[in-house]
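The chain contents come next:
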Amino acid sequence: MEPQRSPLLEVKGNIELKRPLVKVASRLPLPGSRRKRGPDQMEDALEPEKKRTRGLGTTTKIATSRPRAPVLTTVPPTQGQTAAPKVPKKTGPRCSTAVATVLKNQKPGPAVPAQKPSTAAPPMVGGKKPGKRPAWDLKGQLCDLNAELKCCRERTQMLAQENQQLRDQLREAQQQATALGAERRTLEEELARVRTQAEQGQQELGNLSARVLELEERLGTQEGLVQELQKEQLGLQEERRGLAARLEEQERRLQASEAALSGSQAEVASLQQKTAAQEALLAERDERLHGLEMERRRLHNQLQELKGNIRVFCRVRPVLPGESTPPPGFLLFPPGPGGPSDPPTRLSLFRSDERRGTLSGAPAPITRHDFSFDRVFPPGSGQDEVFEEISMLVQSALDGYPVCIFAYGQTGSGKTFTMEGGPGGDTQMEGLIPRALRHLFSVAQELSGQGWTYSFVASYVEIYNETVRDLLATGTRKGQVGECEIRRAGPGSEELTVTNARYVPVSCEKEVEALLHLARQNRAVARTAQNERSSRSHSVFQLQISGEHTGRGLQCGAPLSLVDLAGSERLDPGLALGPGERERLRETQAINSSLSTLGLVIMALSNKESHVPYRNSKLTYLLQNSLGGSAKMLMFVNISPLEENVSESLNSLRFASKVNQCVIGTAQANRK
C-alpha cells in the first residue's frame, strides 16, 4: 500500500505564487517538546517513546505511526491584510468524521517513520497558548492539524484572489505597455520623418543660400550691364533722332517710289497676263507639236511599210576608165509607171547564148532578162540621189525602229563605194555611212528643241572566214583574231554585243570620219582576177541610238546597221593564180556559205517559219535583231555594166529578185 500524501503538501503544491515563499516554523505541538522546537529536537524528544514501544509488535507500530508534517513556507501578509484567525480545537464525532474525510481524500505519499505516541498540547483558547497534548492523543492532534489546514486554505484563497488581482493588473500594464510601444513607434516614425524634413529643409536652405549668392552676383553683373546699356541707350537715342530724320526723308522718297511702283505693277500684271497667255499658247503648241511629231512618225512608218519592210534597190555602177564600153542595148532602164518623169524601177539585161549559136551555125540569139525592184539607179546616179531615197528609212532609226541596209554584189560592182564613198575627202563622193550619220545628227539636233535627247555609240567589225574582228582596234589588239565573240548583253536580254570590241560614243562628223579611216586600214583585202583590191570579208557598221524625252517620260532605242557584204562571185572567175589558191578558195567558200544563209534567213522570215537559222552564220547571228519582223531592211544589189560580168550580174539580180518578193510583218518601234 502506497503511503498517503499529507494535506499540507497538497495545499503547498496548489499554491502558485510569483514571489518565493519564506519558511516559517510550524505551529503544531509535538509531544515532549516546546512550541519553538525544531524538527531535530522533536525527533530527540520522541526517541524514548520509540524505545518504549519497540517491543509492542507490528500492530502497535502501525497504529501509532502517522505522516510527518512538512514544514510550511508562506508569504508574509501584504500591506492592508491581516493574518487568518486561529480555529479552536474541535472534539467529538464531528471531528472524527472530518478526519475520516481528510484521510479518504488524501493521496498516497512517501512513507515516513512511525513516531512514538506522545501527549499533544491542547490548543490555545481565547488567544492563550494551548497546553501540550500527550502523544497518544491522536484525535486532538488531528483536530489541531485540521484547524491549521483550514486556516492555510483560507489564506491560500486570499493569496489566490490577490494573485488574480495582480494578474489583472499585470495584463492591464502589458496592454498599456503595448499601446505605449505602438505610440512610441509612431512617435519614432514621426520623429524620423520630421528629421528627414528637417534635413531636406536644411539642404534646400543651403541651395537657396547658394542661389541667393548666385543671384546677388548676377544682380551685380546686371546692374553693371544696365548702367552700360543706359549709356548705350543715350547714344542710341541720339542715333534714333538722326535716323528718324533720315526715315522721314526716306518715307517721302518711298511714297514717290510707291507711286511709280503702282504704275509698274499694273504694267507687270499686264505683262504677266500676256506671259501666261503666251505660256498657255506655247504649251498648247508644244502639245500640238508633240502630237504632230507622233503623227509624223506614225505616217512615216506607215509610208515605209507601204514601201515594204524589205526593199531592194538596184544600182549599176558607171564604166570606169580603161574598161571596155558595153554594146548598145546591153542594159535598158524602162521608165517608171508614171512615165519618164518617174524614177525607174525596172531593169532589162540582154544576153546572147553563144552555145546555141555554135551548134546550129546561125548567129547566137539574144535573151532578154527583165527585173523589177523598188528603185533602180542607172550608172549616172550620184551618191546624193541614192541617199535621198533612203534618208527617210535612216530617220526611222531615231523613231525606235531597227534599220538594216546592206550592199550585195560581185567584187568590183561598187558595194564599198556605195556604203563608204570614195577616197580623197570629196563630199560629193561620200557614201551612205557618213551621210546617214550626218543626217541623224541634224535631225537629233532639231528634235532637241522638242525635249528629245539622243546618244550615239558606234562599232565597226568584220566577219572574215566566220571569225569576228574589230576594225576599230588599236595598239596591241590590232589584227588579233579569236578574241571577239557574239554574246547577249545580259541574262534575258535580246540585245547582242561583240566581246572585246570597241564601242565608241560619237557626236559629230569628224569622229565618224576618223573611225571610217581606221576601219579601212584594218579591213582584210586581197587581189583577185576581177579587182585589184577586193574586200574578202563582211564589214558591219552598227550605230546604237538611244533617245529620251524626260518631260514626258518617253524612251526609245534601236540599232542602225550598215553592211558591206563580201563579193558574191562564184569560185572560178574570182580565183587568183599563185601560191594562195587554197586560202582564196577557203575565203570564197566561207563568203558563199554566209550569203546563202542570209538568203535562207530572209526566206524563213517571209514564210513565217518557226525556226529561223540565224546561228548558221556569224553574219546573220549578229544581224538577227535587224532582220526580224520588228526591223526595216533595205538591200542594194550592185551590178557591173560590163558584158564580161553578165553571168555574175544575172546571179546577183536573181538573188535580189527573190529577196524583193519576200514580205515581213509590220515593224514595231522599241519604245518604253
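- In the nomenclature of an unreviewed UniProt entry, the chain corresponds to Kinesin-like protein from the organism Vicugna pacos.
- In the Subunit (unreviewed entry) part of its UniProt record, the chain is described as follows: "Binds NUBP1 and NUBP2. Interacts with PPP1R42."
- Recorded in UniProt for the chain, the comment headed Sequence similarities (unreviewed entry) runs: "Belongs to the TRAFAC class myosin-kinesin ATPase superfamily. Kinesin family. KIN-14 subfamily."

## A word on the side chain of S652
Thinking step 1. Within the secondary structure, S652 is located in helix α15 (residues 646-660).
Thinking step 2. Leave out the neighbours within four places in its chain, and S652 touches Y408, G409, Q410, S568, V637 and I639.

## Some words on the environment of M635
Thinking step 1. Checked against the element boundaries, M635 lands in strand β20 (residues 632-639).
Thinking step 2. Accessibility expressed as a relative area gives 1% for M635, which makes it buried.
Thinking step 3. Sequence-wise, M635 and Y408 are 227 residues apart; in three dimensions their C-alpha atoms are separated by 7.0 Å.

## Brief notes about the confidence of the model for the chain
Thinking step 1. When the pLDDT values of the chain are averaged, the result is 76; 70% of them are 70 or greater.
Thinking step 2. Segment residues 7-128: pLDDT under 50, and 183 contacts once partners within four positions in sequence are set aside and those in other chains are kept.
Thinking step 3. Under a pLDDT of 50 for its full length, residues 526-534 has, in the predicted model, 28 contacts with residues more than four places off or in other chains.

## Topic: the pairing of strand β7 (residues 346-352)
Thinking step 1. When strand β6 (residues 331-332) meets β7, the two strands line up antiparallel, connected through two bridges. In the sheet register, L332 faces β7, and the bridge partner there is S348.
Thinking step 2. When β7 meets strand β8 (residues 366-372), the two strands line up antiparallel, connected through seven bridges. Bridge assignment links F350 to a residue of β8, and that residue is R368.

## What about the packing of helix α9 (residues 432-448) against helix α10 (residues 509-522)?
Thinking step 1. Close contact between α9 and α10 brings their axes to 10 Å; oriented N to C, the two are set at 155 degrees. With respect to their mutual orientation, α9 and α10 come out roughly antiparallel. Note that α9 runs across α10; the crossing there is right-handed. Every residue of α10 that contacts α9 at I433, P434, L437, R438 and F441 is listed here: E509, V512 and L516.

## Focus on the sheet that holds β6
Thinking step 1. Pairing in this open sheet of three strands is antiparallel, and the strands run β6-β7-β8 from one edge to the other. The open sheet has two free edges, formed respectively by β6 and β8, since each of these has just one partner strand.

## Details of α9
Thinking step 1. For α9, spanning 17 residues, the distance from its first C-alpha to its last is 24 Å, which sits close to the expected 24 Å at 1.5 Å a residue.
Thinking step 2. Among all positions in α9, only L432, I433, P434, R435, A436, L437, L440, F441, V443, A444 and L447 are buried.

## Concerning the packing of helix α7 (residues 383-395) against α9
Thinking step 1. Following both chains from N to C, one finds α7 and α9 inclined at 50 degrees, their axes separated by 10 Å at the closest point. Accordingly, the angle class assigned to the pair α7 and α9 is oblique. Read as a crossing pair, α7 and α9 show a hand that is right-handed. Side by side, α7 and α9 meet where Q383, D384, V386, F387, I390, S391, V394 and Q395 of the first sit next to L432, R435, A436, H439, L440 and V443 of the second.
Thinking step 2. Taken together, the residues that form the contact of α7 with α9 break down as eight nonpolar, four polar and two charged.

## Focus on the nonpolar core
Thinking step 1. Grouped together as the largest cluster of nonpolar side chains are 51 residues, with contacts concentrated most on C314, F406, L627 and M635.
Thinking step 2. It is helix α12 (residues 581-606) that contributes the most residues to this core, seven residues altogether.
Thinking step 3. Listed in part, the 44 residues of the second largest apolar core include F313, F387, L432 and A436.

## Quick word on the packing of aromatic side chains
Thinking step 1. For the structure shown, the criterion picks out eight aromatic pairs.
Thinking step 2. Look at F371 and F373: their rings are 6.4 Å apart centre to centre, the planes differ by 10 degrees, and that puts the pair in the stacked class. The burial state of F371 is the same as that of F373; both residues are buried.
Thinking step 3. Cation over ring: K632 sits above Y401, and NZ or CZ is 5.0 Å from the ring centre.

Here is what the cut-offs are and how they apply
By convention here, each chain's residues receive numbers from 1 onward along its written sequence. In keeping with the predicted nature of the model, local features appear solely for residues at pLDDT of at least 70, side-chain atom pairs appear and are counted solely at 80 or more, and the whole-chain, interface and lining totals rest on all residues. To get the side-chain values, take all heavy atoms of the structure and skip hydrogens and water. UniProt positions are given in the numbering used here, feature names are shortened, and annotations may be inferred rather than shown by experiment. Per the convention used, a helix needs a DSSP run of H or I reaching at least four residues, while a strand needs a run of E reaching at least two, with both numbered from the N terminus. Any pair of residues with heavy atoms lying within 4.5 Å of one another is described as a contacting pair. Whether a residue is buried, partly exposed or exposed follows from its accessible area with a 1.4 Å probe, protein chains only, as a fraction of its type maximum: under 20%, in between, or over 50%, in that order. For every residue, the predictor assigns a confidence score, pLDDT, that lies between 0 and 100. Two strands form a pair only when DSSP identifies at least two bridges running between them. Orientation is described by lines fitted to C-alpha atoms, with helices fitted over the stretch in contact, and by angles between N-to-C directions that extend from 0 to 180 degrees. Comment on the angle field: the value is read as roughly parallel under 35 degrees, roughly antiparallel over 145, roughly perpendicular from 65 to 115, and oblique elsewhere. In this scheme, a crossing is called left-handed if the near helix is turned counterclockwise away from the far one by less than a right angle; it is called right-handed if the turn is clockwise. In a helix, the anticipated span is given by 1.5 Å times the number of residues less one. Throughout this entry, Asp, Glu, Lys and Arg are counted as charged residues, while Ala, Val, Leu, Ile, Met, Phe, Trp, Tyr, Cys and Pro are counted as nonpolar. The remaining residues, Gly among them, count as polar. Throughout, nonpolar core names a set of buried Ala, Val, Leu, Ile, Met, Phe, Trp, Tyr and Cys residues whose side chains join them through atoms within 4.5 Å. Any Phe, Tyr or Trp ring, taking Trp's six-membered ring, that has another such ring centre within 6.5 Å forms a pair; planes under 30 degrees apart are called stacked, those over 60 apart edge-to-face, and the others tilted. Two thresholds decide whether a charge sits over a ring: the Lys NZ or Arg CZ must be within 6 Å of the ring centre and within 35 degrees of the ring normal.

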